[in-house]
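Letter by letter, the chains look like this.
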Amino acid sequence: MSWGIELWDQFDNLEKHTQWGIDILEKYIKFVKERTEIELSYAKQLRNLAKKYQPKKNSKEEEEYRYTACKAFLSTLNEMNDYAGQHEVISENMTSHITVELARYVQELKQERKSYFHDGRKAQQHIEICWKQLESSKRRFERDCKEADRAQQYFEKMDADINVTKADVEKARQQAQVRHQMAEDSRADYSSILQKFNHEQHEYYHTHIPNIFQKIQEMEERRILRIGESMKTYAEVDRQVIPIIGKCLDEIVKAAESIDQKNDSQLVIEAYKSGFEPPGDIEFEDYTQPMKRTVSDNSLSNSRGEGKPELKFGGKSKGKLWPFIKKNKLSLKLGAAPEDFSNLPPEQRRKKLQQKVDELNKEIQKEMDQRDAITKMKDVYLKNPQMGDPASLDHKLTEVSQNIEKLQLEAQKFEAWLAEVEGRLPARGDQARRQSGMYEAQNPTTVNNCAQDRESPDGSYTEEQSQESEVKVLATDFDDEFDDEEPLPAIGTCKALYTFEGQNEGTLSVLEGETLYVIEEDKGDGWTRIRRNEEEGYVPTSYVEVYLDKNAKGAKTYI
């Protein structure tokens, strides 16, 4: 099966067919390109959808995600992001493995096709020229034969006429001979050109055209094979992400199976439990004889009415108020919520106080870390005065210490209220025990009994606060390398993630994206020592990304 043999006379049709093949390939490229755009658009829409339903930070929605059903929904949103990422992978792989490759192949195919058909047209033009030469030689031979025949007839006529002179007859005979010679020459030329044309024609139809058409056939078969391979790649790109998509779906199912209705019910109890006891039975009031109504010991109104004269109308008392009656709620809305959350039910108040204590402890820890860092830098300045003035840090150190003292007093106040709610009236020793060991070691400040002094007659906090603060400088261990005048060797490099303006002595200003040498790791104080040319100084560890050499303790990355 060869196009050169079977389709020797279909040059124009083969040219049209191969152009149609290239058009089909370009159409497939366009199809894949539009598919990649759809995948990107779909991934973008999925990401926007997941983002739309993500809980907003510091909002009521974020609190709702304590429930297992909401956690499962949040897991579903996160998996949808991964799901969208796989569709982006499909788009990228189809673009790189199909669209780009086929576009390059189409350009090569067009050049190859152009070359083959150029050779074919050149062979056609050559055979056409040979054919024209043959036709011209044939016509000349025919013309000369006719001229020779006419000259012979004229000679015979002149020879038969007795009135014609002998000279005229001789002239006619010579003319006939010349015409016969020209006819013979034309015949020989025509014969030679005919043989040449037959040879060229045989070469054209049995050698040149078959070779060209065979190359075109091979080119077309490669095109067909290439589009088939691209279709396989198209399916394989989808198949490659199926396991990951399946894993995303499995995680969604796993999240759904983790939903615990009993746990959610318990969370509802913890969120809304007031801590009140339900009211007791209402005793029967006999109106046939005056009597004093006995109030249930478990009634909330009993405790609310202590110390107040009970109003009586004809032997009757006012009905007991339910703890959650609208009247009570309205009265709470008229004023701002008290600092100790005394407007809340006992259980909710305990949770709020505990949350406040935890927040204050975090702030205290943050301030103490900052104080430790400043103290360590001051110690460095004391050992190496050329790096900075230690006195320049005193103001900042004092300010941080005062903040710590204020926060500790605030935490003690809220812990005293928390202990009161929990039914444990705090004594002086109880307050000290409630403080973390870290606070006791670093700031042994005592306060008055909060249960006795925390409220003034108008309900405001009147605890006396100490106006004096004592700053303890913790001893820090530094290497003896500060005593050495020689420059420290670099133990790695770092890249600045953000711009840092070193305003204090001993710090070094860096620009975002700048690469510098690391000469000392972070020792836990939050500072890393770096070098730029001849300049050395400290920068916050969180501002750089550190890459240590192999011989160091391992490449740590601080982000």
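Refer to the structure printed above.
Everything in this summary refers to the structure shown in the same document. (Residues numbered from 1 in each chain as written. Predicted model: local features only at pLDDT ≥ 70, side-chain atom pairs only at ≥ 80, totals over all residues. Heavy atoms only, no water.)

### Here's the deal with the overall build of the chain
Part 1 of the reasoning: Looking only at helices and strands, the chain features 13 helices and seven strands.
Part 2 of the reasoning: By residue count, 33% of the 559 residues in the chain fall in the buried class.
Part 3 of the reasoning: Considering only contacts within the chain whose residues lie at least 6 apart along the sequence, 69% involve residues at least 24 apart.
Part 4 of the reasoning: Split by element, the accessible area of the chain, about 36900 Å² in all, is 51% carbon and sulfur. (Helix = DSSP H or I, 4+ residues; strand = E, 2+ residues; numbered from the N terminus. Buried < 20%, exposed > 50% of the residue type's maximum accessible area, 1.4 Å probe, protein only. Contact = heavy atoms within 4.5 Å. Areas by Shrake-Rupley, 256 points an atom, 1.4 Å probe, with all protein chains shown as cover.)

### Observations concerning the packing of helix α2 (residues 11-52) against helix α5 (residues 166-257)
Part 1 of the reasoning: Where α2 meets α5, the closest approach of the two axes is 11 Å, and the angle between their N-to-C directions is 15 degrees. As the angle between them shows, α2 and α5 are arranged roughly parallel. Pair α2 / α5 crosses with left-handed handedness.
Part 2 of the reasoning: Residues that form the contact of α2 with α5 fall into these classes: 15 nonpolar, four polar and four charged. (Axes fitted to C-alpha atoms, helices over the stretch in contact; angles between N-to-C directions. Parallel < 35°, antiparallel > 145°, perpendicular 65-115°, else oblique. Left-handed = near helix turned anticlockwise from the far one by under 90°. Nonpolar A, V, L, I, M, F, W, Y, C, P; charged D, E, K, R; others polar.)

### Some points on the packing of α2 against helix α4 (residues 68-160)
Working note: a packed helix pair is described by the angle between its axes plus the distance between those axes.
Part 1 of the reasoning: Running from N to C, α2 and α4 cross one another at 165 degrees; their axes reach a closest spacing of 8 Å. Judged by the angle between their axes, α2 and α4 are roughly antiparallel. Crossing geometry of α2 relative to α4 is assigned as left-handed.

### Side note on the packing of aromatic side chains
Part 1 of the reasoning: Overall, the coordinates contain 13 aromatic pairs when judged by the stated rule.
Part 2 of the reasoning: Measuring from centroid to centroid gives 4.7 Å for Y204 and Y205, while their planes differ by 85 degrees, and the two rings are edge-to-face.
Part 3 of the reasoning: A ring pair is formed by F414 and W417, whose centres lie 5.2 Å apart and whose planes are at 80 degrees; its orientation type is edge-to-face. Residue F414 and its partner W417 are located together in helix α10 (residues 394-421), separated by three residues, close to a single helical turn. The pair F414 / W417 is uniform in exposure class, with both members buried.
Part 4 of the reasoning: Three or more aromatic residues joined by ring pairs make a cluster, and in this case those are Y498, F500, W527 and Y543.
Part 5 of the reasoning: Sitting above the plane of the Y67 ring, R66 keeps its charged end 5.6 Å from the centroid.
Part 6 of the reasoning: A cation over a ring is seen here: R226 above Y105, with NZ or CZ 4.7 Å from the ring centre. (Phe/Tyr/Trp six-rings, centres within 6.5 Å; stacked < 30°, edge-to-face > 60°. Lys NZ or Arg CZ within 6 Å of the ring centre and 35° of its normal.)

### Let's talk about the environment of H87
Part 1 of the reasoning: Among the structural elements, H87 can be located in helix α4.
Part 2 of the reasoning: The buried category is assigned to H87, whose relative accessible area is 10%.
Part 3 of the reasoning: Spatially, the C-alpha atom of H87 lies 9.4 Å from that of I38, the residues being 49 residues apart in sequence.
Part 4 of the reasoning: Setting aside residues up to four positions removed in sequence, H87 forms contacts with E39, Y42, A43 and L46.

### Describing the sheet that holds strand β4 (residues 515-520)
Part 1 of the reasoning: What the five strands build is an open sheet, ordered β6-β5-β4-β3-β7; its pairing is antiparallel. Each end of this open sheet is capped by a strand with a single partner; those strands are β6 (535-540) and β7 (544-548). This sheet shows a mean twist of 40 degrees between the axes of neighbouring strands, independent of strand direction. (Pairing = 2+ DSSP bridges.)

### Looking at α5
Part 1 of the reasoning: Spanning 92 residues, α5 covers 133 Å between terminal C-alpha atoms, matching the ideal 136 Å at 1.5 Å per step.
Part 2 of the reasoning: If you look at α5, its biggest bend is around 45 degrees, right at Y204. (Expected span 1.5 Å × (residues − 1). Bend = angle between axes of the 7 residues up to and from the residue.)

### With respect to the pairing of β4
Part 1 of the reasoning: With four bridges joining them, strand β3 (residues 492-496) and β4 adopt antiparallel strand pairing. Bridged to T493 within β4 is Y517.
Part 2 of the reasoning: As paired strands, β4 and strand β5 (residues 527-532) are joined by three bridges and run antiparallel to one another. For E520, the partnering residue across the bridge sits in β5 and is R529.
Part 3 of the reasoning: Between β4 and β5, which pair antiparallel in sequence order, lie six residues; one of them, G524, sits at a positive phi of approximately 100 degrees.

### Observations concerning a nonpolar patch on the surface
Part 1 of the reasoning: A cluster of nonpolar side chains, namely L49, Y53 and F73, defines an oily patch on the protein surface of about 280 Å² accessible area.
Part 2 of the reasoning: Here Y53 is to be found in the loop between α2 and α3 (60-64). (Patch = residues over 30% accessible without salt bridge, like charges linked within 9 Å, V, L, I, M, F, W, Y side chains within 5 Å. Salt bridge = Lys/Arg side-chain N within 4 Å of Asp/Glu carboxyl O.)

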